[in-house]
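# Analysis of the macromolecular model
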Amino acid sequence: MKKLLAIVLVLAMTVAVFTGCGKKDGKAEIKDDGVIRVWVGEESAEFYQKACDAYIADHSDFGYKIEVKGMDTGSIAGTITNDPTAAADIFTVAHDNIGKLASTQCAKPITDESLIEQVLADNPESFRGVIYSTLNDKQYLYGVPYISQALFLYYNKALVNDGEQETFEGLREAAKRAGTKAITVTGDDGFNMSFALLARKVSDKSTTVKIFEGADSASGGSKGTSNCQGDDTVAIIRWLQAFAEDPNGFKWASSDGWDADLDKDNKGVLAVIGGAWHYNTAKSALGESNLGIAMIPTFKLTDAACEGLSGVSAGDEYRGGTFADCKCFMINAYSPASKYAKEQELIKYLSSKDVQNESYVECLNVPAYVGATEFIKKCFDEGKVTESQYNLAAMQVGMAEWGIPQPFITGTLNTYYYSKNGPAVFRAMIDKTAYPTTGDQILTETESLDGVRKGLYLVEYLWMHGQAPSSFPASLPDPA
């Protein structure tokens, strides 16, 4: 029955794929040449090639050679959609690309029952909720998690006293002594600004923010429910506005880049919110002995931030949030059907706990499976990783408790969140600048309480509709 289902699915997709994903000369050209090609991150290629070689050595009946190539994982999804016939059979993407690749028939669903069982058994509920998509009105598993990632804090230990990195206020005090700014981010896009948007109250980890909550690609592409107009979000924006105006507070990265700002000789900023992919650059800027790694700090709302709001109080403590994501293996829809079963067998091996553990030791890839913290701590205790390498993983695992996976189960949701000017409006609010759009909804100012509320309404409306509203409601907050 399982083999029959796989064959039926492959035949169905063979018909559908020619009207969806990018094509070369109007037809598929991949043929089965006895090699399964795998794309992973550039930093991991050597490790995964060795892992694949070991698997073939132990499974002489596998029947295929395996070639692993290192790629920029941020650009793989674009490569697949432009010309899947030139892409690998198995490729790595961040999970927020799954809906886009599945909906354009660029990927095949996972049908191997033992692999599906492994995915469901090993992964947290948050990851299980973002790896499915729809084919012919049915939900199928498309992505297999094997790396987790989240934003956290890099800071200069030479200029920040122990404990000051735990709060934004502490970093500001350190910045006053150093005559510089406290903190920056690596970009002003919707991902990097999640530290403010997804901040949660420390006492109960609550937030009123919702981003496409309950979205369902199977029911006509439902966008679910979004909200970023809560009093807590308003107060956080106002707090960040003031922190950005503080001579020792927040700054955007300079034109030379965040790493130039962080550099121990330039001393332009003491800390940066970034990800594991920034590790080598941060270490180069500060030197390993000066490189500190911590959770995204906490901050307390001020009287000014809470003025006129009933849902928050001065002194309420929040921790910066994050998108806590997973990188996944997917199967190219143009890969020959004859490889399908072996591709899933290989993915089951490469995403197993044992290989994820080895990948952490060799490449510092943080495992995606539940309970990985215990293994990470054991590696540090046994001297297999340095203190900064241990913190790199431990802080990502810790921040996962304060974040959500990017909830973009379709390509439309991804586009509406990132590419319809929401991030630009968000930055305009932090900078207290006007945001020109069209018609009656021009934000003439984003400094007053009314201006912030209009800005947040506009962001939410862009998420849900992909375009600006014709006018603002008479009173806010208002469902967008």
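Computed from a predicted model, the values in this text were never measured in an experiment. Residue numbers run consecutively from 1 along every chain, following the written order of its sequence. The predicted origin of the model limits local features to residues at a pLDDT of at least 70 and limits the giving and counting of side-chain atom pairs to 80 or more, whereas totals for whole chains, interfaces and linings rest on all residues. Only hydrogens and water are removed before side-chain values are computed, so all heavy atoms of the structure are retained for them.

## Details of the layout of surface pockets
Worth spelling out the cut-off: Buried and open spaces are told apart on a 1 Å grid over the protein atoms alone, a cavity being a set of points where a 1.4 Å probe fits but cannot get out and a pocket being an open set with protein on both sides within 12 Å along at least five of seven lines. Residues with an atom within 4 Å of a point are the lining residues. Grid points are joined across faces, edges and corners, and a volume is the space filled by probe spheres set on the points. Secondary structure elements are taken from DSSP: a helix is a run of H or I of four residues or more, a strand is a run of E of two residues or more, and numbering for both begins at the N terminus. Charged residues are taken to be Asp, Glu, Lys and Arg, nonpolar residues to be Ala, Val, Leu, Ile, Met, Phe, Trp, Tyr, Cys and Pro, and polar residues to be all remaining types, Gly included.
Looking at the largest pocket, its volume works out to about 950 Å³. Forming the boundary of the largest pocket are 36 residues, of which Thr73, Gln149, Ala276, Trp277 and Lys327 lie nearest the centre. Contributing elements (two or more residues each) for the lining of the largest pocket: helix H3 (73-82), strand S3 (90-94), strand S7 (144-149), helix H11 (279-286), strand S18 (325-332), helix H14 (353-363), helix H16 (387-400) and helix H17 (411-419). Along the lines of polarity and charge, the residues of the lining of the largest pocket split into 13 nonpolar, 14 polar and nine charged. The space that makes up the second largest pocket amounts to roughly 430 Å³. Around the second largest pocket sit 21 residues that line it, and Ile211, Phe212, Glu213, Gly214 and Pro407 are the ones nearest its centre. Residue contributions to the lining of the second largest pocket peak at four residues, all from strand S11 (residues 210-213). Of the residues in the lining of the second largest pocket, the class split is eleven nonpolar, six polar and four charged.

## What to know about the packing of aromatic side chains
Selection criterion: For this analysis, a ring pair means two rings from Phe, Tyr or Trp (six-membered ring only for Trp) whose centres lie within 6.5 Å, classed as stacked if their planes differ by under 30 degrees, edge-to-face if by over 60, and tilted for the remaining angles. Either the NZ atom of lysine or the CZ atom of arginine qualifies as a charge over a ring when it sits within 6 Å of the ring centre and within 35 degrees of the ring normal.
This structure, assessed with the given rule, holds 30 aromatic pairs. Seen from the ring of Tyr340, Lys108 lies directly overhead, with NZ or CZ sitting 4.9 Å from the centre. Positioned above the aromatic ring of Trp402, the side-chain terminus of Lys205 is 4.9 Å from the ring centre.

## A word on the confidence of the model for the chain
What counts is decided by this rule: Each residue carries a pLDDT score, the predictor's confidence in it, ranging from 0 to 100. Only heavy atoms enter the contact rule, under which two residues are in contact if any of them lie within 4.5 Å.
Averaged over every residue, the pLDDT of the chain is 91; the share at 70 or more is 93%. Low confidence marks residues 1-19, where pLDDT is under 50. Its contacts with residues over four positions away, or in another chain, come to 24 contacts.

## So, the sheet that holds strand S16 (residues 317-319)
To be explicit about the condition: At least two bridges found by DSSP between two strands is the condition for calling them paired.
Strands sit in the order S10-S16-S15 across an open sheet of three strands; the sheet is antiparallel. Pairing within the sheet leaves two strands with one partner each, and these edge strands are strand S10 (200-201) and strand S15 (298-300). As judged from the two bridges shared by S10 and S16, these two strands associate in the antiparallel manner. Residue pairing across strands places Arg200 opposite Arg319, the latter belonging to S16.

## Details of the pattern of salt bridges
As a reminder of what qualifies: Criterion for a salt bridge: a side-chain nitrogen of Lys or Arg within 4 Å of a carboxyl oxygen of Asp or Glu. Burial status follows relative accessibility: with a 1.4 Å probe on protein chains alone, a residue under 20% of its type maximum counts as buried, one over 50% as exposed, and anything between as partly exposed.
As enumerated under the stated definition, the model contains 18 salt bridges in all. Residue Asp381 is joined to Lys377 by a salt bridge in which the shortest nitrogen-to-oxygen separation is 2.8 Å. Here Asp381 pairs with Lys377, and both are found in helix H15 (residues 372-381), just four residues apart, close to one helical turn. Judged by its relative accessible area of 52%, Asp381 falls in the exposed class.

## Some remarks on a negative patch on the surface
What counts, and what does not: Here, patches come from residues exposed beyond 30% relative accessible area and free of salt bridges, joined within 9 Å for like charges and within 5 Å for nonpolar side chains (Val, Leu, Ile, Met, Phe, Trp, Tyr). Note on areas: Shrake-Rupley with a 1.4 Å probe; residue coverage comes only from the protein chains shown. When charges are counted, Lys and Arg are positive and Asp and Glu negative, with His and the chain ends excluded. The atom standing in for a charge is NZ when the residue is Lys, CZ when it is Arg, CG when it is Asp and CD when it is Glu.
Negative charge collects at one region of the surface, where Glu46, Asp354, Glu358 and Glu362 lie side by side. It is H14 that contributes the most residues to the negative patch, three residues altogether.

## A word on the nonpolar core
What counts, and what does not: In plain words, nonpolar cores are sets of buried Ala, Val, Leu, Ile, Met, Phe, Trp, Tyr and Cys residues tied together by side-chain atoms within 4.5 Å.
Counting 97 residues, the largest nonpolar core has Ile183, Phe195, Ile211 and Phe212 as its most contacted members. In this view, Ile211 contacts Leu197, Leu198, Thr225, Ser226, Phe323, Pro407, Phe408, Tyr417 and Trp463; residues no more than four positions away in its chain are not counted. Residues Cys21, Ile36, Ala51 and Leu115 belong to the second largest nonpolar core, which totals 57 residues.

## A short note on the environment of Val366
Position of Val366 among the secondary structure elements: in the loop between H14 and H15. Placed 283 residues apart in sequence, Val366 and Asp83 show a C-alpha to C-alpha distance of 30 Å. If we ignore the near neighbours within four places in the chain, the residues touching Val366 are Tyr146, Ile147, Ser148, Ile376, Ala393, Gln396 and Val397.

## Some thoughts on empty space enclosed by the protein
Scanning the entire structure with this criterion turns up two cavities of 30 Å³ or more. The space that makes up the largest cavity amounts to roughly 70 Å³. Lining the largest cavity are Asp189, Gly190, Met193, Leu197, Tyr417, Gly422, Pro423, Phe426, Val459 and Trp463. Sorting the residues of the lining of the largest cavity by element identifies helix H18 (422-431) and helix H19 (449-465) as the ones contributing at least two each. By residue number, the principal contributor to the lining of the largest cavity is H18, which donates three residues. Residues belonging to the lining of the largest cavity are distributed by class as follows: seven nonpolar, two polar and one charged. When its volume is computed, the second largest cavity comes out at roughly 30 Å³. Gln118, Val119, Asp122, Asn123, Val144, Pro145, Ser351 and Gln356 together form the lining of the second largest cavity. Only helix H5 (113-122) and S7 provide two or more residues apiece to the lining of the second largest cavity.

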